[in-house]
Amino acid sequence: GAVVSQHPSRVICKSGTSVKIECRSLDFQATTMFWYRQFPKQSLMLMATSNEGSKATYEQGVEKDKFLINHASLTLSTLTVTSAHPEDSSFYICSAPRGANTDTQYFGPGTRLTVL
Amino acid sequence: EDQVTQSPEALRLQEGESSSLNCSYTVSGLRGLFWYRQDPGKGPEFLFTLYSAGEEKEKERLKATLTKKESFLHITAPKPEDSATYLCAVQADGNDYKLSFGAGTTVTVRA
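What counts and what doesn't
- Residues numbered from 1 in each chain as written.
- Chains lettered and ligands numbered in written order.
- Predicted model: local features only at pLDDT ≥ 70, side-chain atom pairs only at ≥ 80, totals over all residues.
- Heavy atoms only, no water.
- Salt bridge = Lys/Arg side-chain N within 4 Å of Asp/Glu carboxyl O.
- Helix = DSSP H or I, 4+ residues; strand = E, 2+ residues; numbered from the N terminus.
- Buried < 20%, exposed > 50% of the residue type's maximum accessible area, 1.4 Å probe, protein only.
- Polar contact = N/O pair within 3.5 Å; in protein donor to acceptor, adjacent residues only side chain to side chain.
- Contact = heavy atoms within 4.5 Å.
- Disulfide = S-S within 2.5 Å.
- Buried area = accessible area lost by both parts, 1.4 Å probe.
- Pairing = 2+ DSSP bridges.

Chemist: I would appreciate a short explanation of the pattern of salt bridges in the present structure.
Modeler: Should their charged atoms come close, side chains of opposite charge can pair. The full count for this structure, using the stated rule, is seven salt bridges over all chains. A salt bridge links Lys98(B) to Glu59(A); the nearest nitrogen and oxygen atoms lie 2.9 Å apart. Of this pair, Lys98(B) sits in the loop between β9 (84–92) and β10 (100–101) while Glu59(A) sits in the loop between β6 (57–58) and β7 (67–73), which puts the two residues in different chains. Judged by its relative accessible area of 22%, Glu59(A) is partly exposed. With its nearest N and O atoms 2.8 Å apart, the salt bridge here joins Arg61(B) to Asp82(B). You can see Arg61(B) sitting in the loop between β6 (56–59) and β7 (62–66) and its partner Asp82(B) sitting in the loop between β8 (70–75) and β9, a full 21 residues away along the chain.

Chemist: Explain the side chain of Gln38(B) to me, please; I cannot follow it from the model alone.
Modeler: The residue Gln38(B) is located in strand β4 (residues 30–38) in this model. For Gln38(B), a relative accessible area of 8% gives the class buried. At 2.7 Å, the side chain of Gln38(B) forms a polar contact with the backbone oxygen of Lys42(B). Residue contacts for Gln38(B): discarding those within four places in its chain leaves Gln38(A), Leu44(A), Phe91(A), Ile93(A), Gly43(B), Pro44(B), Ala84(B), Thr85(B) and Leu87(B).

Chemist: How should unusual backbone geometry be read in this particular structure?
Modeler: Excluding glycine, most residues fall at negative phi; most peptide bonds, likewise, are trans. Here the residue pair His7(A) and Pro8(A) is connected by a cis peptide bond, since its omega of 0° sits within 30 degrees of zero. Inspection of the secondary structure puts Pro8(A) in the loop between β1 (4–7) and β2 (10–13). In this structure, Pro8(B) follows Ser7(B) across a cis peptide bond, with omega equal to -10°. With respect to the helices and strands, Pro8(B) occurs in the loop between β1 (3–7) and β2 (10–14). With a phi close to 60°, Lys41(A) is a non-glycine residue in the positive phi region. For Lys41(A), a relative accessible area of 89% puts it in the exposed group. Despite not being glycine, Glu60(B) shows a phi value in the positive range, around 55°.

Chemist: Is there a simple way to explain the state of the cysteines in this structure?
Modeler: A covalent bond bridging the sulfur atoms of two cysteines is what the word disulfide describes. Per the stated rule, a full pass over the model turns up two disulfides over all chains. Two residues share a disulfide in this structure: Cys23(A) and Cys94(A), whose sulfurs sit 2.0 Å from each other. One disulfide, between Cys23(A) and Cys94(A), carries an S-S torsion of 80° and so falls in the right-handed class. With Cys23(A) in strand β3 (residues 19–25) and Cys94(A) in strand β9 (residues 90–97), this pair connects stretches of sequence that are 71 residues apart. Overall, the relative accessible area of 0% leaves Cys23(A) in the buried class. Here Cys94(A) falls in the buried class, since its relative accessible area comes to 0%. What pairs with Cys23(B) in a disulfide is Cys88(B), and their sulfur atoms sit 2.0 Å apart. On the S-S bond that ties Cys23(B) to Cys88(B), the torsion sits near -65°, and the link is left-handed. Residue Cys23(B) is located in strand β3 (residues 19–26), and its partner Cys88(B) is located in strand β9; the two are separated by 65 residues in the primary sequence.

Chemist: Help me understand the interface of chain B and chain A, please; the structure alone is not making it clear to me.
Modeler: Taken together, the 20 residues of chain B in the interface contact 19 residues of chain A. Summing both partners gives a buried area of about 1,500 Å² for chain B against chain A, and 55% of it is carried by carbon and sulfur. The largest per-residue losses of area from chain B upon contact with chain A belong to Tyr97(B), Lys98(B) and Phe101(B), which jointly make up 29% of the total buried on that side. Our count for the contact surface shared by chain B and chain A stands at one salt bridge.

Chemist: Even after reading the chapter, I still don't get the pairing of strand β4 (residues 32–38) of chain A, so can you show me in this structure?
Modeler: In summary, the side chains of a regular strand alternate between the two faces of the sheet. All names here are of chain A. Of all seven residues in β4, seven are buried; the element is thus mostly enclosed. The two faces of β4 match: Thr32, Phe34, Tyr36 and Gln38 on one face and Met33, Trp35 and Arg37 on the other face are all buried. In this antiparallel pair of consecutive strands, β4 and strand β5 (residues 44–51), the connection spans five residues, and Lys41 shows a positive phi of 60°.

Put into structure tokens, the structure is as follows:
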């Protein structure tokens, strides 16, 4: 069964509004989670690493004020897309490492964001 | 910088026609190489982790192998339900468990 969930699965919003996406680890704790975005027919691009109890670390070229990340607990990380614009429309996916070998990441089902 | 190149970009197979997907990688020090399957509109589903050259892992009709420069995902006697995009990713030593993904190979299996 699924080990990582995301909510919502789809969201449509108007330009200029903010959207929050939740990522939850199910039945395990994750001190670190990762956020990716994926454009159509392209691979996953890492946006940022979400760290429980400390600030997120962002990849080069990703605006931290645009994509706010909060790792509120050991099972929840949120990504807020602030002042969204049509170019932010994408598929956002989170992942969390789980297991004895915590290098293996399990992915959520993804969130399709459409900004009108 | 870690680099992952997958080939071919797309693969069309007849049901039962075995084939292989390639993943070439460049990484400073390999902690692990991962294979995922992704269906349209869904998140990647974990398949395998390989850690060292010579290692092999199998799951149903899939078998993954690893050398020092590349990995292969062999699909034996595929079925239509094996149609998906297969993603390869590498994780380097000391990079806080980040994954660098290839562009993927989209496999279509026709009945």
